[in-house]
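The primary structure of each chain is shown beneath.
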Amino acid sequence: MGVAFTNAYCAVPACEPSRCALMGGRRPWTTGCYKNGDKWKKHQPAGDGMAAQFMNAGYNVFGAGKIYHSMDFHPSEWTDYMSKKGFSSNGPGVQKMDGYHNDKIHPDLKDEDLIDWHTTNYCIERLNSESDQPFFIACGLYKPHLPFVAPRKYYEAFPLESIQLPPHRENDLDDLPPAGVRMAGADGDHKKFLKSGRWKAAIQSYLATCAYTDMNLGRLLDAYENSPQKNNTILVLWTDHGWSLGEKQHWRKFALWEEPTRTPMIWVVPGMTTPGARCERTVDLMAVYPTLCKLAGVPIPDHVEGREITSLLQNPNAAWNVPAITTHGYENHAVRSEQYRYIRYANGDEELYDSQNDPYEYENLAGKPELQIVKDELAKWLPKNAVKPAR
């Protein structure tokens, strides 16, 4: 329907700080909101969020589901926000490790047992309502998120015998520096999966929750197609971070490699984007706030640090020399250009990957003297005076 960015990356590979950065407009090294548990409201004052700018510009601003961490929000920034009370995020009786480490199915689970069904309904109703005011609708679907549990019909497309493990090498950690090995955490989830034999089962459950999410997204897009405002409505799809399924013996997010940092990002801008277009330029999710403001003619606040990408929406092959930057914890960063991924940890440890020729990041090139110039060039994008974490 629009432009798909094939090299889009999160600002932080964790729910809370990623959402704070994207919706609030400031990088984690500016706010100090680095990790889950850093309490995003302490780092983003009410009135600074993206929703507030559209509300101030005369929009009806509606939200539902997980836009910010824990489905929390600043009430003053929204015309209305769907209450999460009375809804279950995961369904009755579902525990966090079900479908992941726990071999437990929930055969009677229905679509409407999960909050995402109701989040989608809320947003469909707002799309269909008539008003003289323009609208801003944030639809925060919770899945795919642990627990990896969905109604059983969504597993049918992914029989266990058809599941393939992701590309990986058993010795992939051998050329990592100590900080990288610690971030991989191979003695955690991965060791458990190797012992239990549930690696493929966990992937199957993950795919089922993705299919459940696709269903709700499809319902929302059907409403968009039938909306009288279809030709005057911008769509942007993203996720807060990527997800590892055993690459580098790592699971979940919480790392700076390709899988946990790369996200889907698709833009549909009537009169500007070309259906089916693909953009290979490296961008990060900090672009969402300023780009939406620019497209809508809403002032971009001075505190917003992201680069707007309207030139790439108009021409996906336009020149672009800005890398994507991802931060995980104080002074741990990845800088991703179209050619390379450069990781520098707080203790000075480094990794460098040729992303075009080594997409699975098997060979760490950081120790090659001839690539020092590459590291130096990418290091120029790292922050000079990062705020220390509050805790």
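Criteria and cut-off values
Residues numbered from 1 in each chain as written. Predicted model: local features only at pLDDT ≥ 70, side-chain atom pairs only at ≥ 80, totals over all residues. Heavy atoms only, no water. Helix = DSSP H or I, 4+ residues; strand = E, 2+ residues; numbered from the N terminus. Rg over C-alpha atoms; globule rule 2.2 N^0.38 Å. Buried < 20%, exposed > 50% of the residue type's maximum accessible area, 1.4 Å probe, protein only. Contact = heavy atoms within 4.5 Å. Areas by Shrake-Rupley, 256 points an atom, 1.4 Å probe, with all protein chains shown as cover. Core = buried A, V, L, I, M, F, W, Y, C linked by side-chain atoms within 4.5 Å. Polar contact = N/O pair within 3.5 Å; in protein donor to acceptor, adjacent residues only side chain to side chain. Arc of directions from axis to C-beta. Salt bridge = Lys/Arg side-chain N within 4 Å of Asp/Glu carboxyl O. Disulfide = S-S within 2.5 Å. Pairing = 2+ DSSP bridges. Axes fitted to C-alpha atoms, helices over the stretch in contact; angles between N-to-C directions. Phe/Tyr/Trp six-rings, centres within 6.5 Å; stacked < 30°, edge-to-face > 60°. Lys NZ or Arg CZ within 6 Å of the ring centre and 35° of its normal. Lys, Arg positive; Asp, Glu negative; His and termini not counted.

(A) Structural context of the overall build of the protein chain. Assigned secondary structure in the protein chain consists of eleven helices and 16 strands. At 21 Å, the protein chain has a C-alpha radius of gyration in line with the 21 Å of a compact globule built from 391 residues. Each principal axis of the C-alpha atoms in the protein chain carries an extent, and together these give about 60 × 50 × 45 Å. Taken over 391 residues, the protein chain has a buried fraction of 57%. Restricting the contact set of the protein chain to residue pairs at least 6 apart, pairs at least 24 apart contribute 71%. Approximately 17,500 Å² of the protein chain is accessible, and the part contributed by carbon and sulfur atoms is 49%.

(B) Representation of the nonpolar core. Core analysis: the largest hydrophobic core is formed by 38 residues, its most contacted members being F5, M50, F54, W78, F136, M265 and W267. Tallying contributions element by element places helix α9 (residues 288-296) first for this core, with four residues. Grouped together as the second largest cluster of nonpolar side chains are 14 residues, I115, I124, L220 and Y224 included.

(C) Quick peek at the side chain of H250. Structurally, the position occupied by H250 is in the loop between β7 (244-245) and β8 (251-252). Residue class for H250 comes out buried when judged on its relative accessible area of 4%. Here M183 takes part through its backbone oxygen, which lies 3.3 Å from a polar atom of the side chain of H250. A distance of 3.0 Å separates the side chain of H250 from the backbone oxygen of A184, its partner in a polar contact. Beyond its immediate stretch of four places on either side in the chain, H250 contacts M183, A184, S244, L245, A255 and W257.

(D) Up close: helix α6 (residues 189-196). Turning to α6, its buried residues number three or more, namely D189, H190 and F193. Seen from one end, α6 has its buried residues packed into an arc of 95°, which puts them on one side. Turned more than 90 degrees off the buried face of α6, the exposed positions are K191, K192, L194 and K195.

(E) How the structure looks around the pattern of salt bridges. A full pass over the atoms with the stated rule returns 20 salt bridges. D80 is the salt-bridge partner of R126, the closest N and O atoms lying 3.6 Å from each other. A residue pair is termed long-range when its members are at least 10 positions apart, and R126 in helix α4 (residues 115-128) and D80 in strand β4 (residues 80-81) qualify at 46 residues. Note that D113 and K110 form a salt bridge whose closest N and O atoms lie 3.7 Å from each other. Overlapping salt bridges bring together E258, R262, R336, R341 and E361 as one network.

(F) Inspection of the state of the cysteines at higher detail. All told, the structure shown has zero disulfides when counted by the stated rule. Looking at the unpaired C279, the closest cysteine sulfur is the one in C10, lying at 18 Å. The buried category is assigned to C279, whose relative accessible area is 0%. Here C293 stays free of any disulfide, with the sulfur of C20 as its closest cysteine sulfur at 16 Å. For C293, a relative accessible area of 0% translates into the label buried.

(G) Quick peek at the sheet that holds strand β15 (residues 340-344). If you walk across this open sheet you meet the four strands as β13-β14-β15-β16, and the pairing is antiparallel. With one partner strand each, in any of the chains shown, β13 (324-327) and β16 (350-354) form the two edges of the open sheet. Ignoring strand direction, the axes of neighbouring strands in this sheet form an average angle of 10°. For β15 and β16, the ladder comprises five bridges, and the chain directions are antiparallel. Looking at the pairing, I343 lines up with E351 of β16.

(H) Up close: the packing of aromatic side chains. Per the counting criterion, the structure on display carries 17 aromatic pairs. Ring geometry for F73 and Y81: centres 4.1 Å apart, planes at 10°, overall stacked. When the ring of Y100 is compared with that of F148, the centres are 5.5 Å apart and the planes differ by 85°; the resulting orientation is edge-to-face. One end of the pair, Y100, is in the loop between β4 and α4; the other, F148, is in the loop between β5 (135-140) and α5 (178-184), and 48 residues separate them in sequence. Grouping aromatic residues by their ring pairs yields a cluster made of Y100, F148, F193, W199, Y206, W243 and W251. Positioned over the ring face of F62 is R126, at 5.6 Å from the centre of the ring.

(I) A look at the side chain of D98. As for its position among the elements, D98 is in the loop between β4 and α4. Put simply, D98 is tucked away with no salt bridge, and the nearest opposite charge, on K104, sits 4.3 Å away. A distance of 3.2 Å separates a polar atom in the side chain of D98 from a polar atom in the side chain of N102. If we skip the residues at most four places from it in the chain, D98 touches G93, K104, H106, P147, F148 and V149.

(J) Quick peek at the sheet that holds strand β1 (residues 3-5). Spatially, the four strands line up as an open sheet ordered β6-β10-β1-β11, and their pairing is mixed. Each edge of the sheet is formed by a strand with only one pairing partner; in this case those strands are β6 (235-238) and β11 (277-279). Each adjacent strand pair in this sheet contributes to an overall mean axis angle of 15°, direction not counted. Across four bridges, the pairing between β6 and strand β10 (residues 265-268) is antiparallel. Residue pairing in the sheet places L235 in a bridge with V268 of β10. Helix-sheet contacts for α9 involve β6 and β10, and the interaxial angle to β10 is about 5°.

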